[in-house]
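Summary of structural features
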Amino acid sequence: MEQPDPTIHQPVRLKIMAALKALPHGEAIEFVRLKAIVGATEGNLGAHITTLEDAGYVAVEKDFVGKRPRTRVAMTLQGRRAFDVYVAYLQEIIGAATSA
Amino acid sequence: MSLSSQEAQASLSQVEEATRRSSQLYFYHRSSPHLIMWGIIWIIGYGGTGLFPQYSNPLWAVLVLIGCAGGVILGRCSKPDGVKSGPYAWRFAALWAVILFFVFATYAILQPQHGRQFAAYPALITGSVYMAVGLWSGLRYVISGMVVVALTLIGFFYIEPIFFWFAAVGGGAMILTGLWFRTV
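My aim in this report is to walk through the structure given alongside it, one point at a time. If you're wondering where the values come from, they're calculated on a predicted model, not measured in any experiment.

What follows covers the environment of Gln91(A). All names here are of chain A. Along the chain, Gln-91 falls in helix α4 (residues 77–99). Of the residues examined, Gln-91 reaches a relative accessible area of 46% and is grouped as partly exposed. When the C-alpha positions of Gln-91 and Phe-31 are compared, they lie 29 Å apart, and in sequence the two are 60 residues distant.

Next up, the structure:
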């Protein structure tokens, strides 16, 4: 890969993708939990999730638990593939530097 | 746009840290309902044993069966439709099976003579297992295990009546731990 995926190649979005990839396939994570992992503000996290959603990398579900609104985010199959490719790209760079 | 190896290494470190944290919180979240359920079982079991000691064996037999069945139901209910059981689902069931087997096998070999020993031993083992699990799964488990073990030893050596102590602090500690695990 010549260039890193520009959608994932951003620190907050990279952390979001890594956090989602750690979950079993098909599992979603609540927005508040994701916020704690990523360490971003609500608005910032929301904006980055929208970017990832537009790229087809994550799916967002909104529902209610009792009267409380809940937002959950899950990684799509397309997102998993893109993340794997991105991580392989990083490892390739490190590998090339090590062997040089 | 190309990355240096230092930048790539820094990005990979971020990935590893986010992955570790996400797995840890997921484990806490999934184990929370199980801990609350077992806390309630402990309260009923130890409280019932204190009130009606003659019925303690059938009471605990029924409660353990309820706990095992409840664990399976909770595991199935907490996963979304179409998602296969995660690696933690069967490990929880297996973990409780190992604890119960170890406790009853030790009773058979060592044959404790006093009610206090019967009461304290499972709590001591449970607390120790929490601490061991926490070495891999997160600090909250280690802290919870230490609290359970400390309360167990205090109860064993200094508290009377011991069954109500275990009902209150053992069961209570498990429920509080479960609630703690739900926070973020």
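Moving on from the coordinates now.
What follows is about the interface of chain A and chain B. With 29 residues of chain A in contact, the opposing surface of chain B contributes 26 residues. Where chain A abuts chain B, roughly 2300 Å² becomes buried across the two surfaces, and 71% of that area is made up of carbon and sulfur atoms. The largest per-residue losses of area from chain A upon contact with chain B belong to Glu27(A), Arg33(A) and Ile94(A), which jointly make up 25% of the total buried on that side. In this structure, the connection of chain A to chain B is made through four residue pairs in polar contact (both at pLDDT 80 or more). Of all the secondary-structure elements, those providing two or more residues to the side of chain A that touches chain B are α1 (11–21), α2 (31–38) and α4 of chain A. Top contributing element to the side of chain A that touches chain B by residue count: α4(A), with nine residues.

Along the chain, Glu160(B) connects to Pro161(B) via a cis peptide bond; the corresponding omega equals 0°. Note on placement: Pro161(B) falls in the loop between α5 (139–158) and α6 (162–182).

Right, let's get into a nonpolar patch on the surface. On the surface, a nonpolar cluster with roughly 440 Å² of combined accessible area is contributed by Leu51(B), Phe52(B), Tyr55(B) and Phe164(B). Mapped onto the fold, Tyr55(B) is located in the loop between α1 (5–51) and α2 (56–77).

Moving on to the packing of α5(B) against α6(B). All names here are of chain B. Where α5 contacts α6, the axes come no closer than 10 Å and their chain directions differ by 170°. Taken together, the axis directions place α5 and α6 in an arrangement best described as roughly antiparallel. Counted together, Arg-140, Tyr-141, Ile-143, Ser-144, Val-148, Leu-151, Thr-152, Ile-154, Gly-155 and Phe-156 of α5 and Ile-162, Trp-165, Phe-166, Val-169, Ala-173, Thr-177, Trp-180 and Phe-181 of α6 form the full contact between these two elements. Of the residues in the contact of α5 with α6, the class split is 13 nonpolar, four polar and one charged.

Let us now look at the packing of aromatic side chains. All names here are of chain B. On inspection of all chains with the given rule, the structure shows 16 aromatic pairs over all chains. The interplanar angle of 50° and the centroid separation of 5.9 Å between the aromatic rings of Tyr-107 and Tyr-121 together place this pair among those described as tilted. Of this pair, Tyr-107 sits in helix α3 (residues 87–110) while Tyr-121 is found in helix α4 (residues 115–137), placing the two residues 14 residues apart along the sequence. Three or more aromatic residues joined by ring pairs form one cluster here, namely Phe-27, Tyr-28, Tyr-130, Tyr-141, Trp-180 and Phe-181.

In this section: the sheet that holds strand β3 (residues 68–75) of chain A. Residue and element names in this part refer to chain A. Spatially, the three strands line up as an open sheet ordered β1-β3-β2, and their pairing is antiparallel. On the outer flanks of this sheet lie β1 (28–30) and β2 (58–65), each paired with one strand and no other. Averaged over all pairs of adjacent strands, the angle between strand axes in this sheet comes to 30°, irrespective of strand direction. Both β1 and β3 contribute to a ladder of three bridges, which runs antiparallel. Paired with Ala-28 across the strands is Ala-74, a residue of β3. Helix α3 (residues 42–54) rests against β2 and β3 of the sheet, and its axis sits at about 125° to β2.

Criteria and cut-off values
Residues numbered from 1 in each chain as written. Chains lettered and ligands numbered in written order. Predicted model: local features only at pLDDT ≥ 70, side-chain atom pairs only at ≥ 80, totals over all residues. Heavy atoms only, no water. Helix = DSSP H or I, 4+ residues; strand = E, 2+ residues; numbered from the N terminus. Buried < 20%, exposed > 50% of the residue type's maximum accessible area, 1.4 Å probe, protein only. Contact = heavy atoms within 4.5 Å. Buried area = accessible area lost by both parts, 1.4 Å probe. Polar contact = N/O pair within 3.5 Å; in protein donor to acceptor, adjacent residues only side chain to side chain. Patch = residues over 30% accessible without salt bridge, like charges linked within 9 Å, V, L, I, M, F, W, Y side chains within 5 Å. Areas by Shrake-Rupley, 256 points an atom, 1.4 Å probe, with all protein chains shown as cover. Salt bridge = Lys/Arg side-chain N within 4 Å of Asp/Glu carboxyl O. Axes fitted to C-alpha atoms, helices over the stretch in contact; angles between N-to-C directions. Parallel < 35°, antiparallel > 145°, perpendicular 65-115°, else oblique. Nonpolar A, V, L, I, M, F, W, Y, C, P; charged D, E, K, R; others polar. Phe/Tyr/Trp six-rings, centres within 6.5 Å; stacked < 30°, edge-to-face > 60°. Pairing = 2+ DSSP bridges.

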